[in-house]
Amino acid sequence: GYGGTFYISDAYGFRDRKDWYMTWRQVKGLSDDGFEIGNHTRGHGLLSHTDEPGLQAYIWTLEDLAISNRIPRPTTLAWPFYVVNTKFYPLLGSWGYTFGRGGHGRVYRPTVDHPLDAPSFAVGGVGMTIEGFISAVQQATAGRVVVLTFHGTPDMEHPAVGTDPDLFEDMVEYCKANNYNVIAMRDLAEYIDTEKAAKLPPTQPRLEN
């Protein structure tokens, strides 16, 4: 009964290694099941030095792939490598994007952090434990949101950032046993005034003391 966002990019082995990556038919199946399909850009390139036509190529061409496979046009994105380019906030907003998954390794504070750079915790990789996961999700209090980034369960091409499927099941069971509300990024709009939040200053890398 949980929601979630699958951020899709066609980079690395996505086009050829279908023993590692989903087909577009399978991605559409996730969408049909109610999950959000988000934009992780065409090519997964750094956007820190991209001009407007370059951003269009990264964003719109991934949108075209989704639409051509009868998947709704994405309205949230995941910045490749967690590298956020704040100069594109107005442009992305004009294209209908409401939230962007950033990095920072901390909770997302909707009244302080910009929605196009919502801080997240990277989950998985060498040394990841259920205790570390619990420590992260327990910070979802007092209006704060815990955004979790899973790179794959497992990630066959990048095992250093993957999550063991058994550990992932333990994480889901923990959330279920403790009555967490687990939603897709797009569904944050049910709790956050996106127009007001879009006027916030850029997200800062550290929490205030």
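Described in the following lines is the structure provided in the data block. (Residues numbered from 1 in each chain as written. Predicted model: local features only at pLDDT ≥ 70, side-chain atom pairs only at ≥ 80, totals over all residues. Heavy atoms only, no water.)

With that out of the way, let us pick up helix H2 (residues 52–68). Under the 1.5 Å per step criterion, the end-to-end length of H2 is 23 Å for 17 residues, consistent within 8% with the ideal 24 Å. Buried residues of H2: Gly-54, Leu-55, Ile-59, Leu-62, Glu-63 and Ala-66, and no others. Buried residues belonging to H2 abut strand E1 (5–8), helix H1 (24–32), strand E2 (36–39), strand E3 (76–78) and helix H3 (89–94). Between the side-chain oxygen at the start of H2 and the backbone nitrogen of Gly-54 there is a gap of 2.8 Å, and the oxygen is on Asp-51. Once H2 ends, the next one or two residues include Arg-70, with phi positive near 60 degrees. (Helix = DSSP H or I, 4+ residues; strand = E, 2+ residues; numbered from the N terminus. Expected span 1.5 Å × (residues − 1). Buried < 20%, exposed > 50% of the residue type's maximum accessible area, 1.4 Å probe, protein only. Contact = heavy atoms within 4.5 Å. Polar contact = N/O pair within 3.5 Å; in protein donor to acceptor, adjacent residues only side chain to side chain.)

Throughout the structure, instances matching the rule amount to seven aromatic pairs. Seen from their ring centres, Phe-14 and Trp-24 are 5.8 Å apart, and the 75 degrees between their planes marks the pair as edge-to-face. Note that Phe-14 is positioned in the loop between E1 and H1 and Trp-24 in helix H1, a separation of ten residues in sequence. Assessed through its relative accessible area of 5%, Phe-14 is described here as buried. In this structure Trp-24 comes out as buried when scored by relative accessible area, which is 15%. An aromatic cluster is present here, built from Phe-14, Tyr-21 and Trp-24 joined pairwise through their rings. Lying across the ring of Trp-20, Arg-17 places its NZ or CZ 3.8 Å from the centre. (Phe/Tyr/Trp six-rings, centres within 6.5 Å; stacked < 30°, edge-to-face > 60°. Lys NZ or Arg CZ within 6 Å of the ring centre and 35° of its normal.)

To continue, consider the layout of surface pockets. The computed volume of the second largest pocket comes to approximately 150 Å³. If you trace the second largest pocket, you find it lined by Tyr-89, Gly-93, Tyr-97, Thr-98, His-114, Pro-115, Leu-116, Thr-194, Glu-195 and Ala-198. Residues that form the lining of the second largest pocket fall into these classes: five nonpolar, four polar and one charged. (1 Å grid on protein atoms, 1.4 Å probe; cavity = no way out; pocket = protein on both sides within 12 Å on 5 of 7 lines; lining within 4 Å. Points joined across faces, edges and corners; volume = space filled by probe spheres on them. Nonpolar A, V, L, I, M, F, W, Y, C, P; charged D, E, K, R; others polar.)

Below, the discussion takes up the pattern of salt bridges. Across all of its chains, the model carries eight salt bridges by this definition. The partner of Asp-10 in a salt bridge is Arg-15, and the shortest N-O contact between them spans 2.8 Å. Given the relative accessible area of 4%, Asp-10 is considered buried. Taking the shortest distance from any N to any O, the salt bridge between Arg-106 and Asp-113 comes out at 3.0 Å. In this structure Arg-106 comes out as buried when scored by relative accessible area, which is 5%. Exposure remark for Asp-113: the relative accessible area of 0% places this residue in the buried category. (Salt bridge = Lys/Arg side-chain N within 4 Å of Asp/Glu carboxyl O.)

This paragraph deals with the pairing of strand E4 (residues 99–104). Counted residue by residue, E4 has five buried out of six residues, so it is predominantly covered. For E3 and E4, the ladder comprises three bridges, and the chain directions are parallel. Directly across from Ala-78, in E4, lies its bridge partner Arg-101. Between the parallel elements E3 and E4, the chain passes through H3 in a crossover that is right-handed. Note: E4 against strand E5 (residues 118–123), two bridges, orientation parallel. Bridge pairing in E5 links His-104 to Ser-120. (Pairing = 2+ DSSP bridges. Right-handed = clockwise from strand over helix to strand, strands pointing away.)

Inspection of the secondary structure assignment puts Ala-122 in strand E5. C-alpha separation for the pair Ala-122 and Val-161, spaced 39 residues apart in sequence, amounts to 8.5 Å. Beyond its immediate sequence surroundings of up to four residues, Ala-122 is in contact with Tyr-82 and Thr-149.

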